[in-house]
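Observations on the three-dimensional arrangement
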Amino acid sequence: MFRVIMKLAWASLSRRRGRSLLVISMIAVCLWGLLSLEGLYDGMIAQMIQNATRSDSGDISIFAKGYRQNNELAELVDSAALDKFLKNDGRILSFSKRIMQSGLVATAHYARNITIYGIDLTEEQKNGRLNNYIVSGEYSFANRSKGAIIGAELASKLSAKIGSKIIISAQNMVNEVSSSALKITGILKTHTVLDKNAVFIDRQKTRDLLMVPRGITQVLVTLKNRNKDIAVIQGDLAGIDGLEVWRWDEIYPALLQSKQMNEKFNLIISFLVFCVAGLGIFGVMSVSVLERMREFGIMLALGTKFSQIGSIIMLEAFLMAIMGFGTGSVFGGATLYYLKQYGLNLAIFSKGLEAFGMDSVMRAVIRPQYFFLALAAVMLAAFVSALLPLRFLQRAKPVSLIQTI
Amino acid sequence: MFIKIAIKNICAYRKRSIITVALTAFSTALLIFSSALMTGSHNKMLANAVEVYPGYLQITQKDFRDVPSYDNLIFDVKAMHRKLSSIPGIAAIGARFETFVLFAAENKTVGGMLAGIEPKNENRLSRLAQSLKEGSYLSDGDAAQVYLGVGLAKKLQVKVGDTLAFVGTGADYSFSADILYVKGIFQTGSFDFDNSTAFVNKAYFDDAMAAENYATQIIVLPQNPSKSDALAEQINQQLGTEYQALGWRKSMDGLVEAMELDSVFGYISLAIIFLVIFFVIMIYTLLNIMGRSREIGMMRALGTTPGQVFIMLWMECLILGMLSVFIGGLFGGGLTAYFHFHPIQLSGYEEQFKQYGLMAAALPTVFRPIMIARDILIILTLSLFAAIYPIFKVNRYRPLEAIHHV
């Protein structure tokens, strides 16, 4: 029976090829646009989050209690229990430790406020692949740790190049100002606040400069499965005495808000598009039913069940929806794949993108849920659109339908 | 006659007409409101960002923006003032000297920006005075008194009346240090700015930093801020090649580009909605026109030319389109006017705005009749384009073919 219903539905669609193609094109075009846009927007946000977590916050950041409030150098993390946890917990992919202090950087002609980051290059490379952000020079502190890696925007303001000499000054543990002369060995660009104010130097050198014999300011932790484990690990770590544990979205609430705003925006656009598309399908289905009133009347008079006629009409709507979805998904998927592989080069807006913390080449992401949700939305739109004409048909009597001109 | 027939047809096919009018009116209202919101919110964000501190027009030595060192200062501020006062279109002028120093309070030392400003002039150039949170704003007679950002005050753990020291490099590259009294604390809403900036009276700054008659930049408030670029051009011609005057669109090009990019993505999203609406209008027009194939065939058989059929159907679409954009225009315009005076509050998104230095979570729409007219014209054109295919399709039939069309 299904084959007969399928044949009838297909025949009906073929008979009105123009309008069927129009509906299929409409669904395909709107899906293509929506999928591309959704993947690109999500890609933009993912890129911003990745830049922030890899270079600055990790998935989780650990500080000594009170440090985030006071930024005191004396408030250091120095916990054997934490070290044991970080080394032994299987959910943790990697971690790195930093000593941070606010200070001033000066060249022969200019000075600027900075944050000094005492880091271990190997740890940072393993944890956040910090080396990948180097845009000039090398990922090294040179012989005897006399080198420094600084943010690109800071380098530009200081007119400093690789090999330029800088002097950093900051308050040490005994509340005196310590200074050190360094040579720039590398310049990095992370598209975060680090570009403006970061001077990375060797962690041991930072200890000597700031007179910090032990302890660190921040531990950046990267998890194997961020979405699944972040809340549990935050709770576990918070149980260790003297620690404050922050998730990336607590350190960068703006990024979380961007993500939420983007999700809401996508939802509103998709809702509007599918409502309008549903109206298009409804128009075609209504006319298709109204045109065939006599045909349906005769079928009913000959003993065809209403449910069978209903199936034909529903199937027509679903066939158009599926064909539109298929075409739109192929084009949308292909566009997303291209944008994922090669990105969308928006160098023309590079300064604007930097203001938002984004790279000038934006890459899309492809998530299976885009397609599942789109399929569900298209099918729902088709179902609702076919429902009204069906109800109209259901109320009419076979004799009156046959008499319809 | 065509108008009469068109109106009759519109009334005869009421359902199709209502759906077409509703969809087109909705599109019109959506476009008017969205573009007014995008433009209005961007203008507001930019105005806030410009007015808080940077100013509408900045004059620097020509190399200062690329190499902001003491070698590239404005070395004769008084002469510059004299030259500028002869240029029409300027409402206010003020000199600033910005440098970076180490601030030290009792237990804390942090780096930050120390700027010498002319308090009275600055009052017209920026919103520093309006951003006062505690204590009081600077005055022209002040000596070692500092007006600092709320974040910086928090970092240094100082309050109004406390003292702090600064250590920096004077304009002659000499060592410079002094004790400052906290006169006031400001909060602009810009996270970076509030966390790292302090101001002193420029007369005091000049003594302390050996910067008499020097400035890193001069800020100009144009009488008409929207003509900042033109005024900058005029100033450049007067000052010659040694200096560079830049309107805010160029001095804050990153933020301007960010807003443009936001608009581009906004319009792309709208384009997808309009594309679907375009299809739906086309579908409804096609269904309506094809449903009248017999009637049109009959008209053609009785001698109506394809051109006359075209005009008749086109007239229907035009009347429907005009009615729709009128309704949509009224509705969209009304919404735009309302939110112009009652900005949309995006509470819960303040952090996002602060992070990007935008300082505004209340977004107004911009109410400009010319923009509304532009959006109305776009939708009217779209709706007329949507009718082209169905009209041509029915006109392709021969009279007999059309009469027999089922």
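Cut-off values and rules
- Residues numbered from 1 in each chain as written.
- Chains lettered and ligands numbered in written order.
- Predicted model: local features only at pLDDT ≥ 70, side-chain atom pairs only at ≥ 80, totals over all residues.
- Helix = DSSP H or I, 4+ residues; strand = E, 2+ residues; numbered from the N terminus.
- Rg over C-alpha atoms; globule rule 2.2 N^0.38 Å.
- Buried ≥ 20, exposed ≤ 12 C-beta atoms within 10 Å, placed from the backbone.
- Contact = placed C-beta atoms within 7 Å.
- Domains from an automatic or database assignment.
- Nonpolar A, V, L, I, M, F, W, Y, C, P; charged D, E, K, R; others polar.
- pLDDT = per-residue confidence, 0-100.
- Pairing = 2+ DSSP bridges.
- Arc of directions from axis to C-beta.
- Expected span 1.5 Å × (residues − 1).
- Axes fitted to C-alpha atoms, helices over the stretch in contact; angles between N-to-C directions.
- Parallel < 35°, antiparallel > 145°, perpendicular 65-115°, else oblique.
- Core = buried A, V, L, I, M, F, W, Y, C linked by C-beta atoms within 7 Å.
- Left-handed = near helix turned anticlockwise from the far one by under 90°.

**Description of the overall build of chain A**
- Scanning chain A for helices and strands turns up 16 helices and 12 strands.
- Over its C-alpha atoms chain A spans a radius of gyration of 31 Å, topping by over 25% the 22 Å that the globule rule assigns to 405 residues.
- Judged by the C-alpha coordinates and their principal axes, chain A covers about 100 × 45 × 30 Å.
- The buried share of chain A, taken over its 405 residues, is 45%.
- Looking at chain A alone, contacts between residues at least 24 apart form 82% of all its contacts between residues at least 6 apart.

**Describing the overall build of chain B**
- Check the secondary structure of chain B and you find 16 helices and 12 strands.
- Of all 406 residues assigned to chain B, the portion counted as buried reaches 47%.

**Concerning the domain arrangement of chain A**
- According to the domain assignment, chain A contains domain 1 (2-52 + 255-402) and domain 2 (66-241).
- A C-alpha centroid distance of 49 Å is found between domain 1 of chain A and domain 2 of chain A.

**Considerations on the environment of Ile283(B)**
- Mapping Ile283(B) onto the fold places it in helix α10 (residues 253-291).
- For Ile283(B), a count of 26 C-beta atoms within 10 Å translates into the label buried.
- Counting along the chain gives 34 residues from Ile283(B) to Cys317(B), while the straight-line C-alpha distance between them is 13 Å.
- Excluding residues within four positions of it along the chain, Ile283(B) makes contact with Arg19(A), Leu22(A), Val23(A), Gly280(A), Gly283(A) and Val284(A).

**Examining the interface of chain B and chain A**
- Opposite the 46 residues of chain B that make contact, chain A presents 49 residues.
- Contributing elements (two or more residues each) for the side of chain B that touches chain A: β2 (90-104), β3 (109-117), β6 (163-169), α10 and α13 (350-355) of chain B.
- Among the elements that make up the side of chain B that touches chain A, the one with the highest residue count is α10(B) (22 residues).
- For the side of chain B that touches chain A, the per-class residue count stands at 25 nonpolar, 14 polar and 7 charged.

**Quick look at the confidence of the model for chain B**
- Counting all residues, the mean pLDDT for chain B is 87, and 95% of those residues have values of 70 or more.
- Taken together, the chains of this predicted complex give a pTM of 0.77 and an interface ipTM of 0.76.

**Notes on the domain arrangement of chain B**
- Splitting chain B by domain gives domain 1 (2-50 + 255-403) and domain 2 (55-251).
- Using C-alpha coordinates to define each centre, domain 1 of chain B is positioned 49 Å away from domain 2 of chain B.

**Regarding the pairing of strand β6 (residues 165-171) of chain A**
Residues and elements named next belong to chain A.
- Of all 7 residues in β6, 5 are buried; the element is thus mostly enclosed.
- The pairing of strand β2 (residues 92-106) with β6 spans 4 bridges and is classified as antiparallel. Among the inter-strand pairings, Val 105 is bridged to a residue of β6, identified as Ile 168.
- As defined by bridge partners, β6 adjoins strand β7 (residues 177-188) across 7 bridges and the pair is classed as antiparallel. Its bridge partner lying in β7, Ile 166 is registered against Leu 182.
- Here β6 folds back onto β7, and the loop between the two strands holds 5 residues, one of which, Asn 175, carries a positive phi near 65°.

**Quick word on helix α8 (residues 203-210) of chain A**
All names here are of chain A.
- Within the span of α8, buried status applies to Arg 203, Lys 205, Thr 206, Leu 209 and Leu 210. Along α8, the residues classed as buried sweep out an arc of 155° about the axis, all on the same side.
- Two residues or fewer past α8, Met 211 is found with a positive phi of approximately 60°.

**Points about helix α2 (residues 17-57) of chain A**
All names here are of chain A.
- In this model α2 runs 57 Å from its N-terminal to its C-terminal C-alpha over 41 residues, within 8% of the 60 Å that 1.5 Å per residue would give.
- A large share of α2 lies buried, amounting to 34 of its 41 residues.
- Just downstream of α2 lies Gly 58, where phi reads positive at about 65°.

**Remarks on the packing of helix α11 (residues 253-291) of chain A against α10(B)**
- Close contact between α11(A) and α10(B) brings their axes to 9 Å; oriented N to C, the two are set at 10°. Taken together, the axes of α11(A) and α10(B) are roughly parallel relative to one another. On α10(B), the residues touching Ile269(A), Leu272(A), Val273(A), Val276(A), Ala277(A), Leu279(A), Gly280(A), Gly283(A), Val284(A) and Val287(A) of α11(A) are Ser269(B), Ile272(B), Ile273(B), Val276(B), Ile277(B), Phe279(B), Val280(B), Ile283(B), Tyr284(B), Leu287(B) and Gly291(B).
- Among the residues forming the contact of α11(A) with α10(B), the class breakdown is 17 nonpolar, 4 polar and no charged.

**Notes on the nonpolar core**
- Formed by 225 residues in total, the largest nonpolar core has its most connected members in Ile27(A), Val199(A) and Val276(B).
- At 20 residues, α10(B) tops the list of elements feeding residues into this core.
- Discounting residues that sit within four places of it in the chain, Val276(B) has contacts with Met26(A), Cys30(A), Val273(A), Val276(A) and Ala277(A).

**Let's talk about the pairing of β3(B)**
Residue and element names in this part refer to chain B.
- Judged by how many residues are buried, β3 sits mostly within the fold: 8 of 9 residues are covered.
- Taken together, β2 and the strand that follows it, β3, pair antiparallel across an intervening segment of 4 residues.
- As paired strands, β3 and strand β8 (residues 197-201) are joined by 5 bridges and run parallel to one another. Residue pairing across strands places Met 113 opposite Thr 197, the latter belonging to β8.

**Considering unusual backbone geometry**
All names here are of chain B.
- Unusually for a residue other than glycine, Gln 157 sits at a positive phi of about 60°.
- Inspection of the secondary structure assignment puts Gln 157 in the loop between α5 (150-156) and β6.
- Gln 157 gets classed as partly exposed once you count the C-beta atoms within 10 Å, which come to 15.
- The residue Asn 213 is not glycine, and still its phi comes out positive at about 65°.

**Considering the packing of α2(A) against helix α13 (residues 306-341) of chain A**
All names here are of chain A.
- In the contact formed by α2 and α13, the axes pass within 7 Å of each other and the chain directions differ by 30°. When the axes of α2 and α13 are compared, the pair comes out roughly parallel. Our pair here, α2 against α13, has a crossing hand that is right-handed.

**Re the environment of Val23(A)**
- Topologically, Val23(A) is positioned in helix α2.
- Take Val23(A): there are 27 C-beta atoms within 10 Å of it, and that puts it in the buried class.
- Taking the C-alpha atoms as reference, Val23(A) lies 6.5 Å from Ile281(A); in sequence the two are 258 residues apart.
- In this structure, Val23(A) is in contact with Gly280(A), Ile281(A), Val284(A), Met320(A), Gly324(A) and Ile283(B), ignoring residues within four places of it in sequence.

**Details of the environment of Asp208(A)**
- Structurally, Asp208(A) can be placed in helix α8.
- For Asp208(A) and Ser178(A), which are 30 residues apart along the polypeptide, the C-alpha to C-alpha distance reads 9.7 Å.

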